[in-house]
Amino acid sequence: MKKRIFIDYLGITAGSFLIALALTVFLVPNKIAAGGVSGLATVIYYLTSFPIGITMLVINIPLFLAGIKIMGMSFGIRTIYGIVSLSVFTDLLQPHMTALTDDLLLASIYGGVVGGVGLGIVFRSRGTTGGTDLIASLINYFTGITVGEGLLIADGVVVALAGIFFNLEVALYAAVTIFITSQTIDVVQEGLNFKKGVLIISDKAEKINQMVVNDLNRGITEFEAKGGYTGDRKRVLLCIISRSEVSELKKAVSQIDQEAFVIISNVHEVLGEGFTEIVH
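About the criteria used
- Residues numbered from 1 in each chain as written.
- Predicted model: local features only at pLDDT ≥ 70, side-chain atom pairs only at ≥ 80, totals over all residues.
- Heavy atoms only, no water.
- pLDDT = per-residue confidence, 0-100.
- Helix = DSSP H or I, 4+ residues; strand = E, 2+ residues; numbered from the N terminus.
- Core = buried A, V, L, I, M, F, W, Y, C linked by side-chain atoms within 4.5 Å.
- Buried < 20%, exposed > 50% of the residue type's maximum accessible area, 1.4 Å probe, protein only.
- Pairing = 2+ DSSP bridges.
- Axes fitted to C-alpha atoms, helices over the stretch in contact; angles between N-to-C directions.
- Contact = heavy atoms within 4.5 Å.
- Left-handed = near helix turned anticlockwise from the far one by under 90°.
- Nonpolar A, V, L, I, M, F, W, Y, C, P; charged D, E, K, R; others polar.
- Arc of directions from axis to C-beta.

Enquirer: Teacher, can you tell me more about the confidence of the model for the protein here?
Expert: When the pLDDT values of the protein are averaged, the result is 84; 89% of them are 70 or greater. No element of the protein has a lower mean pLDDT than helix α6 (residues 132-143), at 71, and none a higher one than helix α1 (residues 2-27), at 92.

What follows is the structure in structure tokens.
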């Protein structure tokens, strides 16, 4: 238990450092205010020269206290740690770091990737750096707007401010960074080891079942279904395979039953026997 907690806080620390690095070497020097509290702090920095880390802390703490008062201690000590870590790292790094590029496209892409990796690590460590998710939660509480819509509103307001105080082009690049960050977070949380989920509907389900188990050495689940149009009872097979096995499976199913109905979709993460071990 103590080891797990230590690893989580180590992850929050490392993730916060990466976010601060993205801010100081890519985003802030190029005036890219990529949404959230960090984006708002970037705008304030260029208007007042007030340190970005302290600004984020000043904005985040009242949001956190409001969240506690309204919704209880659901945010927890990890949120406080993440907020403080990000603020400290940002102000420690900024005086010693210079922009790696003045190309807005490169800055928005790499800033989004590095910041997204940092946020993904923080989230995987069951932490948060405060900011937009706190704002979105408060918007949800007071208005009933979903958290996803709240995130869009919060980020949209910051990008709009960047467009007003900087210029429209910089605001557009900030939107690119927000998109890349969100996609990178998903990759870090879900991993790159994508699998394929396969649903097979066939009158020769038994033979296909045996083929999957014996030839592909994969487990398979079978359940009953009823055709919505015909009303006929059907046997449906579900299995998870690697991308390299897709062609072999399709060929084998076609040989067994050319009338089979097959659905193949991407599966981002598979936990359990034969795949990734479930970590408690």
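Read on for the rest.
Enquirer: Could you clarify how one ought to interpret the nonpolar core in this entry?
Expert: When a protein is soluble and globular, its nonpolar side chains tend to lie buried together. In terms of nonpolar packing, the biggest core is built from 37 residues, with Ile19, Leu23, Ile32, Met56 and Leu63 touching the most fellow members. Top contributing element to this core by residue count: α1, with 7 residues. Core analysis: the second largest hydrophobic core is formed by 17 residues, Val198, Val212, Val253 and Ala260 among them.

Enquirer: Looking at this structure, how should I read the sheet that holds strand β1 (residues 195-201)?
Expert: Hydrogen bonds between backbone groups are what pair the strands of a sheet, and the pairing can be parallel or antiparallel. The strand order across the open sheet formed by 4 strands is β2-β3-β1-β4, and the pairing between neighbours is antiparallel. Whereas interior strands pair on both sides, the edge strands pair on one side only; in this sheet they are β2 (221-226) and β4 (261-267). On average, each strand axis in the sheet is inclined to that of its neighbour by 25°, with strand direction left out of account. Where β1 lies against strand β3 (residues 233-241), 6 bridges are found, and the strand directions are antiparallel. The residue of β3 that forms the bridge with Ile201 is Val236. Across the sheet, helix α9 (residues 205-214) touches β1, β2 and β3, and the angle it forms with β3 is around 15°.

Enquirer: Looking at this structure, how should I read unusual backbone geometry?
Expert: Generally, phi is negative for residues other than glycine and the peptide bonds are trans, each holding for most cases. The phi angle at Lys31 is positive, at roughly 60°, despite the residue not being glycine. Position of Lys31 relative to the elements: it lies in the loop between α1 and α2 (36-48). With a phi angle near 55°, Asn217 is a residue other than glycine that sits in the positive phi range. Tracing the sequence through the fold places Asn217 in the loop between α9 and β2.

Enquirer: Just to check I follow, could you spell out the packing of α1 against helix α4 (residues 76-93) for this structure?
Expert: Relative orientation and spacing of two packed helices are given, respectively, by the angle between their axes and the distance between those axes. Running from amino to carboxyl end, α1 crosses α4 at an angle of 40°, the nearest separation of the two axes being 8 Å. Here α1 runs over α4; the crossing is right-handed. Residues Ile5, Asp8, Tyr9, Ile12, Thr13, Ser16, Phe17, Ile19, Ala20, Leu21, Leu23 and Thr24 of α1 form the contact with α4, whose own contacting residues are Ile77, Arg78, Tyr81, Gly82, Ser85, Leu86, Phe89, Thr90 and Leu93. Taken together, the residues of the contact of α1 with α4 sort by class into 13 nonpolar, 6 polar and 2 charged.

Enquirer: Quick question: what am I supposed to make of the side chain of Ser16 here?
Expert: Residue placement: Ser16 occurs in helix α1. Non-local contacts of Ser16, meaning those with residues more than four positions away in its chain, are made with Gly82, Ser85, Leu86, Phe89, Val122 and Thr129.

Enquirer: Explanation requested: the pairing of β2 in the structure shown.
Expert: Every regular strand shows the same layout, with side chains that alternate between the two sheet faces. Taken together, the 6 bridges between β2 and β3 define a ladder with antiparallel strand orientation. Paired with Phe223 across the two strands is Val236, which belongs to β3. Hairpin connection between β2 and β3: a loop of 6 residues separates the two successive antiparallel strands, and Gly231 in this loop has a positive phi of roughly 80°.

Enquirer: What am I meant to see in helix α10 (residues 246-256) here?
Expert: Since the α-helix advances by 3.6 residues per turn, residues separated by three or four positions end up pointing in the same direction. Along α10, the residues that are buried comprise Val246, Leu249, Ala252, Val253 and Ile256. Down the axis of α10, the smallest arc covering the buried residues is 135°, so these residues share one side. Summarising the geometry of α10, the exposed residues directed more than 90 degrees from the buried face are Ser247, Lys251 and Gln255. Along its buried surface, α10 packs onto β1, α9, β3 and β4.

Enquirer: Can you walk me through the environment of Ile256 in this structure?
Expert: As for its placement among the helices and strands, Ile256 is situated in helix α10. Spatially, the C-alpha atoms of Ile256 and Ala205 are 9.3 Å apart, while their sequence positions differ by 51 residues. Excluding anything up to four places from it in sequence, Ile256 contacts Lys204, Lys207, Ile208 and Met211.

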